[in-house]
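Structural characterization, general
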Amino acid sequence: MAYTFQVTIDSTDPHSLADWWAEALGWEVEPTDEEFIRRTVAAGHASEDDTTTHRGRLVWKAGTAIRHPEGADRAPRVLFQLVPEPKTVKNRVHLDVRTGTDDPKAVVERLIDRGATFLHDGRQGPFVWTTLTDPEGNELCVSE
């Protein structure tokens, strides 16, 4: 049997980081059902401490997810989950952002303008990429 998966990224500010990645990839932040959250808290299955507000909306403090605009059949969902500690060591897994027909250098500049940090350019045979970090220090590579 083959399995599906989602990619999970630890974050000290999952909602802001999800916004950053959604914009970076041209994806969507999954919608929040505020009424469901209120009903869950009212029924005692969660507490007010499990919630927060983000951009004026009630959300789960634990995190949020982004998805490809064409749905889960197009690409795995990315979940951003709350952790108390900041990133301290190199990622063992990272996302490779493939730009297709868009100019990778322009994508790199746009991401840097939005808070990414340049680490280095890489080349291995015909493969060329730029390694950046997102606003929380998670590595990513940008290539054609």
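Note: the structure precedes this text.
What comes next concerns the included structure.

**A look at the side chain of Glu-30**
Inspection of the secondary structure puts Glu-30 in the loop between β2 (28-29) and α2 (34-42). On the basis of relative accessibility, which here comes to 19%, the residue Glu-30 falls in the buried class. A polar atom in the side chain of Glu-30 sits 2.8 Å from the side chain of Arg-77. If near-sequence neighbours (up to four positions away) are discounted, Glu-30 is found in contact with Thr-64, Ala-65, Ile-66, Arg-67 and Arg-77.

**Section: helix α1 (residues 14-25)**
With twelve residues, α1 extends 16 Å between its outermost C-alpha atoms, agreeing within 8% with the 16 Å of an ideal straight helix rising 1.5 Å per residue. Buried within α1 are the following residues: Pro-14, His-15, Leu-17, Ala-18, Asp-19, Trp-20, Trp-21, Ala-22 and Ala-24. A positive backbone phi angle near 75 degrees is found at Gly-26, which sits one or two residues after α1.

**Digging into α2**
Along an α-helix, residues three or four positions apart point the same way, because every turn accommodates 3.6 residues. Among the residues of α2, those classed as buried are Glu-34, Ile-37, Thr-40 and Val-41. Each buried residue of α2 lies within a common arc of 125 degrees when the element is viewed along its axis, so the set occupies one face. What points out from α2, more than 90 degrees from its buried face, is the exposed set Arg-39 and Ala-42. Directly beyond the C-terminal end of α2, a positive phi value near 85 degrees is found at Gly-44.

**Points about the pattern of salt bridges**
Opposite charge on two side chains makes pairing possible when the charged atoms of those side chains draw close. Enumeration according to the criterion identifies ten salt bridges in this entry. For Glu-139, the salt bridge goes to Lys-87, with nearest N and O atoms at 3.5 Å. Of the two residues, Glu-139 sits in strand β10 (residues 139-143) while Lys-87 sits in the loop between β6 (78-82) and β7 (95-98), which places them 52 residues apart along the sequence. In this structure Glu-139 comes out as buried when scored by relative accessible area, which is 13%. Through salt bridges with shared partners, a single ionic network connects Glu-34, Glu-35, Arg-38 and Arg-57.

Cut-offs used in this document
- Residues numbered from 1 in each chain as written.
- Predicted model: local features only at pLDDT ≥ 70, side-chain atom pairs only at ≥ 80, totals over all residues.
- Heavy atoms only, no water.
- Helix = DSSP H or I, 4+ residues; strand = E, 2+ residues; numbered from the N terminus.
- Buried < 20%, exposed > 50% of the residue type's maximum accessible area, 1.4 Å probe, protein only.
- Polar contact = N/O pair within 3.5 Å; in protein donor to acceptor, adjacent residues only side chain to side chain.
- Contact = heavy atoms within 4.5 Å.
- Expected span 1.5 Å × (residues − 1).
- Arc of directions from axis to C-beta.
- Salt bridge = Lys/Arg side-chain N within 4 Å of Asp/Glu carboxyl O.

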